[in-house]
Amino acid sequence: MDFGYSLSPSSRIDLDLFDRNRFNTLAEIEPDVLKCMACGSCTATCTAGKYAKNSLRSAILYLQNGQDKQALEYLKPCMLCGKCFMVCPRGINTRHLILSILKIYNNAK
Amino acid sequence: MNKNVMVIGGGPCGLEASAQLHKMGYNVILIEKEKQLGGHLAKWDRLFPEGIEAKEVLQPLVDNINGVKYFLDTEVVSINLLDKEYNVILSNGITVLSKAVLMTSGFDLFPAEKKEEYGYGIYDRVITNADLEKFFATGKDPRVVENPKRIGFVHCVGSRDEKAGNRYCSKVCCATAVKQACEMKALFPDAEIFCFYMDLRMFGRGYEDMYLKAQKDYGIRFIRGRVSEVSETLEKQVLVKAEDTLSGKPLKVTLDLLVLMAGMQNAKSGIRIGEMISMKRSDDGFFTTKGSILSLQECDKAGIFYAGACTGPKTLPDTLNEARAAAVSIHNYFNKEN
Ligand SMILES: Cc1cc2nc3c(=O)[nH]c(=O)nc-3n(C[C@H](O)[C@H](O)[C@H](O)COP(=O)(O)OP(=O)(O)OC[C@H]3O[C@@H](n4cnc5c(N)ncnc54)[C@H](O)[C@@H]3O)c2cc1C
Ligand code: SF4
Ligand code: SF4
Ligand code: SF4
């Protein structure tokens, strides 16, 4: 039945449909991705973030939710300057992580 | 003047306080309403943050009360102040005259069935933190399926919830959830495990490390958002809805097991005694201490003392320290009066 409205499929997170293979591959070569505590330091300090939507915190979260396309959107403007590495309180090598994300998720597309 | 001290409640707090008072030369009378000593500690399997076995903590506490008079299966029938002493009539027919009464009546677990939207007691796959401890200890619970693929932990059940009647944080359940999540992952390595939290309160020594390990070594997924409702699927699994508040998006996931982190509230059996001589309680339902910093062990009624979870949610180290502090407070009280 059509009630005249619907949830756009991209807006709701459905963890039942999430195919974890790619995320598991990422976690294997970048185990530190699991350590992110969503503090937002990386996003706050990002050199690209001032001018465009760029957020490593969001990217990690979207990957964990199985929303790969949105995750990559959040890394598009990244210039790989590595500034976020200096501020991450969990000591994640963020630049290396971003490179791995791009490699794994862009290749698989 | 007799040196009787009446201790009400034989949990970890009552045990430690009794042992200390006994060593100081007091004539301790300890009562416990259940058939065994140990309170809630006797119900737990392993303790956060290091995963020490609860038995390893309980046994020395019980051994140390060697020489203390204690009565199991015993309740207070009445208590009243006669001149400067409390006259306590026990259910076993004994009457105790005591200048000091120490309340170590502890807490009750929040009755999770009260949060009906979580389906405890209604759905087959919903259990509490206390049920899970029992499962760890016995390996038996028909609600835990053989090989669960997805397991969820709901933080703050009956805590930080005015509708449930408890506005406060129960303090121990974040650490318990993280501990139990890791234990479940160790038992069921194929399972995916989610913790639904609003804030993670990893305040104690070693707790933050436990959290980091849960993420890094056990791959526990922490989702910031309170579970709003739970329903049952045809396959008897549970469908959980929450908002992932970090992305601001609604989220759903089907689970084989849901564990509710029920909080702590003042024990009904302690409140009953408190009401006999009108001991004050605060908005949160726990007994009101004389001061909130300097006199945590005293009641505003002379001769009544408190320790442990009857004055608010506490960890075991907190509880045991209060037990020792109460012994000193009682000692000072006797010295002042004589
Ligand atoms: C799920 C869960 C897991 C936990 N795990 C940990 C952990 O891993 N590490 C940690 O540090 N802390 C943990 N805690 C906290 C810990 O259980 C408490 O700190 C501790 O039990 C408090 O001790 P207590 O003696 O004050 O109260 P209780 O353990 O509640 O004992 C009170 C005793 O008094 C008796 N009693 C009550 N009223 C009367 C009466 N009128 N007459 C006679 N007897 C009476 C009761 O029967 C009971 O035996 C956990 C708590 C929960 C809810
Ligand atoms: S490496 Fe990318 S995400 Fe990190 S600060 Fe530089 S531009 Fe921002
Ligand atoms: S700074 Fe580090 S911990 Fe904080 S959100 Fe970014 S990646 Fe995660
Ligand atoms: S300790 Fe954690 S789970 Fe327990 S009430 Fe406080 S915030 Fe909620």
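Residues numbered from 1 in each chain as written. Chains lettered and ligands numbered in written order. Predicted model: local features only at pLDDT ≥ 70, side-chain atom pairs only at ≥ 80, totals over all residues. Heavy atoms only, no water.

Caption draft 1: Representation of the overall build of chain A within the structure. If you tally the helices and strands in chain A, you get six helices and one strand. When the helices and strands of chain A are placed in sequence order, the string is β-α-α-α-α-α-α. Considering chain A as a whole, with its 109 residues, one finds that 44% of them fall into the buried category. If you take every contact in chain A between residues at least 6 apart in sequence, the share linking residues at least 24 apart comes to 60%. About 6,200 Å² of surface is accessible on chain A, with carbon and sulfur atoms providing 55% of the total. (Helix = DSSP H or I, 4+ residues; strand = E, 2+ residues; numbered from the N terminus. Buried < 20%, exposed > 50% of the residue type's maximum accessible area, 1.4 Å probe, protein only. Contact = heavy atoms within 4.5 Å. Areas by Shrake-Rupley, 256 points an atom, 1.4 Å probe, with all protein chains shown as cover.)

Caption draft 2: Inspection of the overall build of chain B at higher detail. Helix and strand counts for chain B stand at seven helices and 20 strands. The C-alpha radius of gyration of chain B comes to 21 Å, within 12% of the 20 Å expected for a compact globule of 338 residues. Sorting the 338 residues of chain B into buried and exposed places 56% on the buried side. Considering only residue pairs separated by 6 or more positions, chain B has 64% of its internal contacts joining residues 24 or more positions apart. Carbon and sulfur atoms make up 49% of the accessible area of chain B, which amounts to about 15,000 Å² in all. (Rg over C-alpha atoms; globule rule 2.2 N^0.38 Å.)

Caption draft 3: Representation of the confidence of the model for chain B within the structure. Mean pLDDT over chain B works out to 97, with 99% of the residues at or above the 70 mark. ipTM for the predicted complex: 0.91, alongside a pTM of 0.96. (pLDDT = per-residue confidence, 0-100.)

Caption draft 4: Structural view of helix H6 (residues 268–276) of chain B. All names here are of chain B. Along H6, the positions that sit buried rather than exposed are Ser269, Gly270, Ile271, Ile273 and Gly274. Looking at the buried residues of H6, the elements they touch are strand E1 (4–8), strand E6 (76–82), strand E9 (100–103) and strand E19 (264–266). Once H6 ends, the next one or two residues include Ser278, with phi positive near 35°.

Caption draft 5: Spotlight on the pairing of E1(B). Residues and elements named next belong to chain B. Within E1, five of the five residues are buried, which leaves the element mostly enclosed by the surrounding structure. The alternating pattern of E1 places Asn4, Met6 and Ile8 and Val5 and Val7 on opposite faces, both of which are buried. Where E1 lies against strand E2 (residues 27–31), five bridges are found, and the strand directions are parallel. Following the sheet pairing, Val7 is matched in E2 by Leu30. One crossover worth recording links E1 to the parallel E2 by way of helix H1 (residues 12–23), and it is right-handed. (Pairing = 2+ DSSP bridges. Right-handed = clockwise from strand over helix to strand, strands pointing away.)

Caption draft 6: Quick peek at the pairing of strand E14 (residues 221–224) of chain B. All names here are of chain B. Judged from the four bridges that link them, strand E13 (residues 192–197) and E14 form a sheet pairing that is parallel. In the sheet register, Cys195 faces E14, and the bridge partner there is Phe222. The parallel pair E13 and E14 is bridged by helix H5 (residues 207–216), and the resulting crossover is right-handed.

Caption draft 7: Representation of the interface of chain A and chain B. The partner chain B presents 21 residues to the 19 residues of chain A that form the contact. When the two sides are added together, the surface that chain A and chain B hide from each other amounts to roughly 1,900 Å², 49% of it contributed by carbon and sulfur. Considering only the surface of chain A that becomes buried against chain B, Arg12(A), Leu15(A) and Asp16(A) emerge as the three largest contributors, covering 27% of it. Between Asp14(A) and Lys252(B) there is a salt bridge; the shortest N-O distance is 2.7 Å. At the junction of chain A with chain B, the criterion picks out 14 residue pairs in polar contact (both at pLDDT 80 or more). Where the side of chain A that touches chain B is concerned, the elements lending two or more residues are strand E1 (13–14) and helix H3 (56–64) of chain A. Considering every element that reaches the side of chain A that touches chain B, the biggest residue donor is H3(A), with four residues. Taken together, the residues of the side of chain A that touches chain B sort by class into eight nonpolar, four polar and seven charged. Direction of pairing for E1(A) relative to strand E17 (residues 249–255) of chain B: parallel, over a ladder of two bridges. Following the sheet pairing, Asp14(A) is matched in E17(B) by Lys252(B). (Buried area = accessible area lost by both parts, 1.4 Å probe. Salt bridge = Lys/Arg side-chain N within 4 Å of Asp/Glu carboxyl O. Polar contact = N/O pair within 3.5 Å; in protein donor to acceptor, adjacent residues only side chain to side chain. Nonpolar A, V, L, I, M, F, W, Y, C, P; charged D, E, K, R; others polar.)

Caption draft 8: Molecular detail of the site of ligand 4. Residues and elements named next belong to chain B. Ligand 4 sits among His155, Cys156, Ser159, Arg160, Cys169, Ser170, Lys171, Cys173, Cys174, Asp199 and Arg201. Broken down by secondary-structure element, the contributors of at least two residues to the shell around ligand 4 are strand E12 (150–157) and helix H4 (173–187). Tallied by class, residues from the shell around ligand 4 come to four nonpolar, three polar and four charged. (Near = heavy atom within 4 Å.)

Caption draft 9: A look at the sheet that holds E17(B). If you trace the four strands from one edge of the open sheet to the other, you get E1(A)-E17(B)-E16(B)-E15(B), paired in mixed fashion. Of all the strands in the sheet, just E1 of chain A together with strand E15 (227–232) of chain B have a single pairing partner and so form its edges.

Caption draft 10: Expanded view of the site of ligand 2. Surrounding ligand 2, one finds Cys46(A), Thr47(A), Asn54(A), Cys78(A), Met79(A), Leu80(A), Cys81(A), Gly82(A), Lys83(A), Cys84(A) and Ile98(A). Broken down by class, the residue content of the shell around ligand 2 amounts to seven nonpolar, three polar and one charged.

Caption draft 11: Focus on the sheet that holds E12(B). Residues and elements named next belong to chain B. Judged by pairing direction, the sheet is parallel, and its five strands sit side by side in the order E11-E18-E12-E13-E14 without closing on themselves. Only two strands of the sheet have a single partner each, and these edge strands are strand E11 (126–128) and E14. With direction set aside, neighbouring strand axes in the sheet form an average angle of 25°. In this sheet, E13 lies alongside E12 in parallel orientation, the contact comprising five bridges. (Axes fitted to C-alpha atoms, helices over the stretch in contact; angles between N-to-C directions.)

Caption draft 12: Molecular detail of the side chain of Asn129(B). Considering the arrangement of structural elements, one finds Asn129(B) in helix H3 (residues 129–138). With residues up to four places along the chain from it excluded, the contact list for Asn129(B) reads Leu109(B), Thr176(B), Gln180(B), Val259(B), Leu260(B), Met261(B) and Ala262(B).

Caption draft 13: Seen up close, the side chain of Lys179(B). All names here are of chain B. Relative to the elements of secondary structure, Lys179 occurs in helix H4. A polar side-chain atom of Lys179 sits 2.5 Å from the main-chain carbonyl oxygen of Arg46. Setting aside residues no more than four positions away along its own chain, Lys179 makes contact with Arg46, Leu47, Phe48, Glu133 and Met210.

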